[in-house]
Amino acid sequence: MSENKTDTTTNPSLLLRIRDSTDVQSWATFQFVYRPMILAYCSRRGLQEADAQDVAQEVMSSVCRAIQKFEYQPQKGRFRAWLGTVTANKIKTLKNKQYRLLSRESQPSSEQLTDTVVADPDSDWISIFSEHIFQTACDRVLSRVEALTWDCFRLTWLQQQSAADVAQRLKIPIHNVYVNKSRVLKLLELEVRLLAEDSIIDSSR
């Protein structure tokens with residue numbers, strides 16, 4: 001897909017670029033990256049596919065309205081937390097509505113949240129968010145590097161094989177293994193910051 005060709009060395013973060021409502025490509029990338037994680041979280045919360053799609057659309061609409069004012073301020077809260085709060089809010093609103101329809105109850109639920117920046121949401125959301133951002137970053141980097149370069153990273157960092165074993169397996173100098181692993185890690189860090197500027201990967205492994 002075309003979004004995998006993004007030049008992370010020159011482009012600002014995705015969160016900054018989607019502030020421009022006319023930037024169709026950035027909005028398409030944002031949907032490509034974030035909509036699946038919202039759907040996955042909805043599924044984890046027990047929503048049916050149609051309801052999950054409705055929630056995802058509501059969340060995207062909230063992002064569209066709020067992104068103009070959103071500023072990355074770690075001391076106040078991360079985008080990850082804000083998006084998780086909005087998603088949880090939409091899910092609870094939907095469930096409250098369904099409950100009222102079934103019980104003919106008209107009073108609002110006391111559990112309803114507001115779209116505010118708060119501390120990190122539950123562990124399910126954090127896990128889904130982190131894993132999806134990392135996997136998307138991996139996919140984007142994989143499309144931009146040679147197979148041998150990726151294999152050095154995959155075998156040493158993802159599969160935790162020793163550099164010596166990888167060098168022997170790939171029939172290259174051990175120095176090349178370290179260089180290729182480092183190159184992929186740097187590209188991954190750029191991609192993660194591009195996609196979600198408050199996320200960090202552990203390059204010490």
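If you're wondering where the values come from, they're calculated on a predicted model, not measured in any experiment.

How each quantity is defined
Residues numbered from 1 in each chain as written. Predicted model: local features only at pLDDT ≥ 70, side-chain atom pairs only at ≥ 80, totals over all residues. Heavy atoms only, no water. Core = buried A, V, L, I, M, F, W, Y, C linked by side-chain atoms within 4.5 Å. Buried < 20%, exposed > 50% of the residue type's maximum accessible area, 1.4 Å probe, protein only. Helix = DSSP H or I, 4+ residues; strand = E, 2+ residues; numbered from the N terminus. Contact = heavy atoms within 4.5 Å. Polar contact = N/O pair within 3.5 Å; in protein donor to acceptor, adjacent residues only side chain to side chain. Salt bridge = Lys/Arg side-chain N within 4 Å of Asp/Glu carboxyl O. pLDDT = per-residue confidence, 0-100.

1. Quick look at the nonpolar core
Then comes step 1: Counting 44 residues, the largest nonpolar core has F30, Y34, M37, I38, V63, L83 and I133 as the members making the most contacts within it.
Then comes step 2: Where this core is concerned, the elements lending two or more residues are α1 (14–17), α2 (24–44), α3 (49–66), α4 (79–103), α5 (123–142), α6 (147–158) and α8 (174–195).
Then comes step 3: Ranked by the residues each element gives to this core, the list is headed by α2, at 8 residues.
Then comes step 4: What V63 contacts, discounting residues up to four positions off in sequence, is I18, W27, F30, W82 and L83.
Then comes step 5: If you look at the next biggest cluster of nonpolar residues, it comprises 7 residues, including C152, A163, V166 and I172.

2. Considering the side chain of E191
Then comes step 1: Structurally, E191 is set in helix α8.
Then comes step 2: Residue class for E191 comes out buried when judged on its relative accessible area of 0%.
Then comes step 3: Among the polar contacts listed, one links the side chain of E191 to the side chain of R144, at a separation of 2.9 Å.

3. Here we look at the pattern of salt bridges
Then comes step 1: On inspection of all chains with the given rule, the structure shows 7 salt bridges.
Then comes step 2: D124 is the partner of R44 in a salt bridge, and the nearest nitrogen-oxygen pair spans 3.1 Å. Residue R44 is located in helix α2, and its partner D124 is located in helix α5; the two are separated by 80 residues in the primary sequence.
Then comes step 3: Using a relative accessible area of 45% as the deciding quantity, one classes R44 as partly exposed.
Then comes step 4: Among the charged side chains, a network of salt bridges with common partners joins R44, R45, D122 and D124.

4. Quick word on the confidence of the model for the protein
Then comes step 1: Per-residue confidence for the protein averages 82 on the pLDDT scale, and 77% of its residues sit at or above 70.
Then comes step 2: Note on residues 108–120: pLDDT is under 50 here. Beyond four places in sequence and across chains, it has 31 contacts.

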